[in-house]
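# Structural description and commentary
One letter stands for each residue in the lines below.
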Protein chains: 2
Amino acid sequence: MKQITLKEVASLLKEHDKFKILTHSYPDGDTLGCAYALAFAMRKLGKKANVAVDGRLPSKFDYLVKHYVEQDFVPEYIVSVDVAARNLLGDSVMEGVDHIDLCIDHHATNTLEADNVYVDPHAAAAAESIWRVIELLELEPDEDIANAIYTGISTDTGCFCYSNTTARTHMIAAKVMPFCDWHRINYIHFVLKTRAKLKIERMILDTMGYFHDGAVAVIYTTLDMCERLGTGDDEMEGLASIPGQIEGVKMGITMREKEGGVFKISVRTNDGIDAAKFCARFGGGGHPGAAGCSIEGDLETVRAKLVEAAEDFLG
Amino acid sequence: MKQITLKEVASLLKEHDKFKILTHSYPDGDTLGCAYALAFAMRKLGKKANVAVDGRLPSKFDYLVKHYVEQDFVPEYIVSVDVAARNLLGDSVMEGVDHIDLCIDHHATNTLEADNVYVDPHAAAAAESIWRVIELLELEPDEDIANAIYTGISTDTGCFCYSNTTARTHMIAAKVMPFCDWHRINYIHFVLKTRAKLKIERMILDTMGYFHDGAVAVIYTTLDMCERLGTGDDEMEGLASIPGQIEGVKMGITMREKEGGVFKISVRTNDGIDAAKFCARFGGGGHPGAAGCSIEGDLETVRAKLVEAAEDFLG
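Residues numbered from 1 in each chain as written. Chains lettered and ligands numbered in written order. Predicted model: local features only at pLDDT ≥ 70, side-chain atom pairs only at ≥ 80, totals over all residues. Heavy atoms only, no water.

### Points about the overall build of chain A
Check the secondary structure of chain A and you find 12 helices and 12 strands. The C-alpha atoms of chain A give 20 Å as radius of gyration, which agrees with the globular expectation for 315 residues (20 Å, within 12%). Counting only C-alpha atoms and orienting by the principal axes, one finds that chain A spans roughly 60 × 40 × 40 Å. Put simply, chain A has 315 residues, and 57% of those count as buried. The long-range share in chain A, meaning contacts at least 24 apart out of those at least 6 apart in sequence, stands at 65%. Looking at chain A as shown, the accessible area adds up to about 13600 Å², and 48% of this sits on carbon and sulfur atoms. Both charge centroids of chain A, one from 32 positive and one from 48 negative side chains, sit 3 Å from each other. (Helix = DSSP H or I, 4+ residues; strand = E, 2+ residues; numbered from the N terminus. Rg over C-alpha atoms; globule rule 2.2 N^0.38 Å. Buried < 20%, exposed > 50% of the residue type's maximum accessible area, 1.4 Å probe, protein only. Contact = heavy atoms within 4.5 Å. Areas by Shrake-Rupley, 256 points an atom, 1.4 Å probe, with all protein chains shown as cover. Lys, Arg positive; Asp, Glu negative; His and termini not counted. Charge placed at Lys NZ, Arg CZ, Asp CG, Glu CD.)

### Section: the interface of chain A and chain B
Between chain A and chain B, the contact holds 36 residues from the first and 36 residues from the second. Taken together, the two surfaces of chain A and chain B that pack against each other cover about 3300 Å², and 65% of this comes from carbon and sulfur. Viewed at the interface, chain B and chain A are joined by 2 salt bridges. When the shortest N-O distance is used, the salt bridge between Asp206(A) and Arg202(B) registers 2.1 Å. On inspection of chain A and its partner chain B, the count reaches 12 residue pairs in polar contact (both at pLDDT 80 or more). Of all the elements in the fold, those that place two or more residues in the side of chain A that touches chain B are helix 6 (167-176), helix 7 (182-191) and helix 8 (195-205) of chain A. Per element, the largest residue contribution to the side of chain A that touches chain B is 6 residues, and it comes from helix 7 of chain A. When its residues are assigned to classes, the side of chain A that touches chain B shows 20 nonpolar, 11 polar and 5 charged. (Buried area = accessible area lost by both parts, 1.4 Å probe. Salt bridge = Lys/Arg side-chain N within 4 Å of Asp/Glu carboxyl O. Polar contact = N/O pair within 3.5 Å; in protein donor to acceptor, adjacent residues only side chain to side chain. Nonpolar A, V, L, I, M, F, W, Y, C, P; charged D, E, K, R; others polar.)

### Considerations on the sheet that holds strand 12 (residues 290-296) of chain A
Residue and element names in this part refer to chain A. Across the sheet, 6 strands lie side by side as 7-8-9-10-12-11; this open sheet has mixed pairing. Lying at the two open borders of the sheet, with one neighbouring strand each, are strand 7 (209-211) and strand 11 (285-286). Where strand 11 and strand 12 come together, 2 bridges link them in antiparallel fashion. Directly across from Gly285, in strand 12, lies its bridge partner Gly292. Helix-sheet contacts for helix 12 (residues 299-314) involve strand 7, strand 8 (216-221), strand 9 (251-258), strand 10 (262-269) and strand 12, and the interaxial angle to strand 9 is about 155 degrees. (Pairing = 2+ DSSP bridges. Axes fitted to C-alpha atoms, helices over the stretch in contact; angles between N-to-C directions.)

### What about the side chain of Lys20(B)?
Residues and elements named next belong to chain B. For Lys20, the location among the structural elements is in strand 2 (residues 18-22). Salt bridges are absent for the buried Lys20, whose nearest opposite-charge side chain, Glu95, sits at 6.5 Å. Only 3.4 Å separates the side chain of Lys20 from the backbone oxygen of Val93, close enough to count as a polar contact. Residues contacting Lys20, with those up to four places away along its chain left out, are Asn50, Ala52, Pro75, Tyr77, Ile78, Val79, Val93, Glu95 and Val97.

### Examining the packing of aromatic side chains
By the definition in use, this model includes 13 aromatic pairs over all chains. Geometrically, the ring pair formed by Phe278(B) and Phe282(B) is edge-to-face, given 5.9 Å between the ring centres and 65 degrees between the ring planes. By relative accessible area, Phe278(B) is classed as buried at 0%. Here the aromatic rings of Phe278(B) and Phe313(B) are separated by 5.4 Å at their centres, their planes lie at 75 degrees, and the arrangement is edge-to-face. In this pair, Phe278(B) sits in helix 11 (residues 275-280) while Phe313(B) sits in helix 12 (residues 299-314), placing the two residues 35 residues apart along the sequence. Grouping aromatic residues by their ring pairs yields a cluster made of Tyr150(A), Phe160(A), Tyr150(B) and Phe160(B). It is Arg195(A) that lies over the ring of Tyr210(B); its NZ or CZ is 3.5 Å from the centre. (Phe/Tyr/Trp six-rings, centres within 6.5 Å; stacked < 30°, edge-to-face > 60°. Lys NZ or Arg CZ within 6 Å of the ring centre and 35° of its normal.)

### Re the pattern of salt bridges
If charged atoms from side chains of opposite charge come close, those side chains can pair. For the structure on display, the rule yields 26 salt bridges over all chains. Here Lys175(A) ties to Glu135(A) by a salt bridge, and the two come within 3.0 Å at their closest N and O atoms. Here Lys175(A) is found in helix 6, whereas its partner Glu135(A) is found in helix 4 (residues 126-136), with 40 residues between them in sequence. Since its relative accessible area comes to 32%, Glu135(A) is described here as partly exposed. When the shortest N-O distance is used, the salt bridge between Arg132(B) and Asp120(B) registers 3.6 Å.

### Considerations on the sheet that holds strand 11 (residues 285-286) of chain B
Residue and element names in this part refer to chain B. The strand order 7-8-9-10-12-11 describes an open sheet built from 6 strands, whose pairing is mixed. Looking at strand neighbours, the two that pair on one side only are strand 7 (209-211) and strand 11, the edges of this open sheet. Taken strand by strand, helix 12 contacts strand 7, strand 8 (216-221), strand 9 (251-258), strand 10 (262-269) and strand 12 (290-296), and its axis lies near 155 degrees from that of strand 9.

### Some words on the relation of the copies chain A and chain B
When chain A is fitted to chain B, the residual RMSD is 0.1 Å, and the transformation amounts to a turn of 180 degrees plus an axial shift of 0.0 Å. These values place the two chain copies in the arrangement generated by a two-fold rotation axis. For chain A, the minimum C-alpha distance to the rotation axis belongs to His170(A) and amounts to 2.5 Å. The share of interface residues of chain A whose copies in chain B are also at the interface is 100%, consistent with both copies meeting through the same surface. (Least-squares fit on C-alpha atoms with pLDDT ≥ 70 in both.)

### Brief notes about the pairing of strand 5 (residues 102-105) of chain B
Residues and elements named next belong to chain B. Alternating positions in strand 5 separate into two faces, Leu102 and Ile104 on one and Cys103 and Asp105 on the other, with burial throughout. Of the pairings in the sheet, the one linking strand 4 (residues 77-81) to strand 5 comprises 3 bridges and is parallel in character. By the bridge assignment, Val81 is partnered in strand 5 with Ile104.

### Structural notes on unusual backbone geometry
Of note in this structure, Glu138(A) is not a glycine but carries a positive phi near 55 degrees. Examined against the element boundaries, Glu138(A) turns out to sit in the loop between helix 4 and helix 5 (143-156). On the basis of relative accessible area, Glu138(A) is assigned to the exposed category, the value being 72%. Unusually for a residue other than glycine, Cys159(B) sits at a positive phi of about 60 degrees. Classification of Cys159(B) as buried rests on a relative accessible area of 3%.

### Here's the deal with the state of the cysteines
Under the defined criterion, the tally for this structure stands at 0 disulfides over all chains. In this structure Cys279(A) is a free cysteine whose sulfur lies 4.3 Å from that of Cys293(A), the closest cysteine sulfur available. Free cysteine Cys34(B): the closest other cysteine sulfur is in Cys103(B), separated by 11 Å. (Disulfide = S-S within 2.5 Å.)

### Here's the deal with the side chain of Thr157(B)
All names here are of chain B. Tracing the backbone shows Thr157 in the loop between helix 5 (143-156) and helix 6 (167-176). Judged by relative accessible area, which is 0%, Thr157 ranks as buried. Reaching out from Thr157, the side chain makes a polar contact with the backbone oxygen of Ser154 at a distance of 3.3 Å. A polar atom in the side chain of Thr157 sits 2.9 Å from the backbone nitrogen of Phe160.

### A closer look at helix 1 (residues 6-15) of chain B
Residue and element names in this part refer to chain B. What helix 1 keeps buried is the set Leu6, Val9, Ala10, Leu12 and Leu13. One face of helix 1 carries all of its buried residues, which in axial projection span an arc of 160 degrees. Opposite the buried face of helix 1, by more than 90 degrees, sit the exposed residues Lys7, Lys14 and Glu15. (Arc of directions from axis to C-beta.)

Here's what the structure looks like:
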């Protein structure tokens, strides 16, 4: 384990030729954006590079692989991108991998074991660091690289809205925009909704409960609701932000019933309330503004537990 | 009427000392952001400057006037910002004004009569031009100027999401962010929802109708619905974007019943469908992607008219 600089990252990439790039499971725009940007960049330098994704690439990211064809080679250098811990790597991604040579990430909590580690917690997205490496390598962006970088930074910042956004994030956006289909990317990730998604949104609004003088808002979905609407995990994305958006709410809690009598809990907080600390009470964790945990039990019991804990936590 | 350059705008501002800055009625983030940024900039140069707003400043913009105190002087130079036409200026704004000396705008359709006109249709927000003038005047941004400029560009681009956003928009954001409370501004304009707003959103989803194989989606509010929920015009903002976000929808139509048996119609389009051209059929107008009109009649009749026209228009 060695903490290295971005220049050293660039040197290591220059020195090697056959890359396998690892993404985290349930891949999001940042891990995928990093991986494809890096793969396209390495290929542009005449090297070989493949991206390992756990399971099927979610179809909304199809545009990232428009010009991507899996290459046939034995990898000699393993790079992980946006992966904060070992258990976030799916088994299929780790196939044939016995250790990680280089870890590029932006999670302050990173614990991934790798020979060389570069973590920039000030980067809104790990894709910011990938972009900076590409600049150090003096590579001109092309459509593929620009689409991937823009995807990483826009999705990890909620289209430049979240508090992790920095002036640097905007500067990088300005640099890649002329090369990429950023408006289509925004449309896919921030505008487009399926009818099913709209139905579940409408239904979840009916479950809204306010507690603690409106400082706590709780919404939920049950397996039964999802079955009735025919909605899957894809439609659930973004629901967790709903209760925390409401005026006066300090803690917005979203409960999603999963198989086996377990609720997956997402907590979003305002006004400096520490969501990660709250979720730690239930064995969970995350960021100060957004965290999660799992709680076993039936709807009413789990909700009562959460509300009681939230009231106690907010004081 | 003389079309001038941005350098000439800067010169004219330097040459004069007592400014009245005119905003358009139903003021939005761009017209207000421009006006206060310009007023603070002029005051920083030791000049006098007041902003004229029609009616009460919407409370969500209170942070723009934290350090703004009306000055007592007789204006000698009248500047309009983000005002595309004479009829968009409220009567109270025009009080004591017989002509406009300088018009700074970004609407390609600008028809406002003024001695000097600067229109940059490539600017996502008129605030981009105001920022560039401030740079030409070699003024360092402060919190007030930065808050105002960020408000103009972020609100006119839907937080850097709409197609009018450019690399320049991001560059300007990067420059003003270090000086301003951009995260609070994002929260106010792009996150925060009142409970009343959430209720009307929930109710309007129930009115969703799909037509023309799902290419047309229509939602509506009636006076009766608003009365039942106790919602006003403030809560109506943003509703118009809902039907156009749905997968497969080319034309999203929002109908809002107003007093006097009239529906205010908002049309949002995808895939290059011209909303302004469509609304022109009903005497309305606007931008290619977002336009509006008014139609008299009862709910069912107006909706049928719109659907028929939409089906005909899409072919």
